[in-house]
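# Chains, contacts and geometry: an overview
One-letter residues, chain by chain:
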Amino acid sequence: KPSPTRRAAIPTQELLERYKLPEFSGLIKAFTAGNIMLFDKALEEHMDFFVGRSIYLLLHKLKLCVYRNLFKRAYNVEGKSQVKLDVFVAAVRACGCTDV
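Rules used in this analysis
Residues numbered from 1 in each chain as written. Predicted model: local features only at pLDDT ≥ 70, side-chain atom pairs only at ≥ 80, totals over all residues. Heavy atoms only, no water. Helix = DSSP H or I, 4+ residues; strand = E, 2+ residues; numbered from the N terminus. Lys, Arg positive; Asp, Glu negative; His and termini not counted. Charge placed at Lys NZ, Arg CZ, Asp CG, Glu CD. Salt bridge = Lys/Arg side-chain N within 4 Å of Asp/Glu carboxyl O. Buried < 20%, exposed > 50% of the residue type's maximum accessible area, 1.4 Å probe, protein only. pLDDT = per-residue confidence, 0-100. Phe/Tyr/Trp six-rings, centres within 6.5 Å; stacked < 30°, edge-to-face > 60°.

Okay, the overall build of the protein next. The secondary structure content of the protein amounts to seven helices and zero strands. The principal-axis extent of the C-alpha atoms belonging to the protein is close to 45 × 40 × 25 Å. Between the mean site of the 16 positive side-chain charges and the mean site of the 10 negative ones, the protein shows a separation of 10 Å.

Written as C-alpha cells, this is what we have:
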C-alpha cells in the first residue's frame, strides 16, 4: 500500500532562530509568497553559506516550487478553472522578472 502524500512542513522563524539559521529566513519568505526575485536575491546573498554546506544546487532546484506557488496565487486570484497564459506572465513580471 503506498504511503499517503505528506506536505512538507516549512520551518518557523522561531525554529530558525533556535538553531541559528537566519540565512534561510529570506528563502522561506520568498517561497511562501511565490516571489521569484526575492528568492533569487536571498539565494545570492547567502550563496557562500549554502555552497559551504553543499546545498546550493538543491536550493536552486527549489525555485521551481517558488514558481508553482506564484502560479497557484495567480490561479486563485483569477478564480476560473482555465487561466490564460497572460495572467501567469503578468504574475511573473509583477515579481520583477523581465526575461519572460
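To continue, consider the pattern of salt bridges. All chains considered together, the criterion is met by two salt bridges. Here Asp 40 ties to Lys 63 by a salt bridge, and the two come within 3.1 Å at their closest N and O atoms. Of the two residues, Asp 40 sits in helix 3 (residues 36-45) while Lys 63 sits in helix 6 (residues 63-78), which places them 23 residues apart along the sequence. On the basis of relative accessibility, which here comes to 24%, the residue Asp 40 falls in the partly exposed class. Residue classification places Lys 63 among the buried residues on the basis of a relative accessible area of 18%.

Parts of the model with low pLDDT should not have their predicted coordinates read in detail. Of the residues in the protein, 91% have a pLDDT of 70 or more, and the chain-wide mean is 89. The spread of mean pLDDT over the elements of the protein runs between helix 7 (residues 85-94), the lowest at 92, and helix 4 (residues 47-52), the highest at 96.

The tally for this structure, following the rule as stated, stands at five aromatic pairs. With 5.6 Å between their ring centres and 75 degrees between their planes, Phe 49 and Phe 50 make a pair best called edge-to-face. For the pair formed by Phe 49 and Phe 50, the shared burial category is buried. Taking the centre distance of 5.0 Å and the plane angle of 65 degrees together, the rings of Phe 71 and Phe 88 count as edge-to-face.

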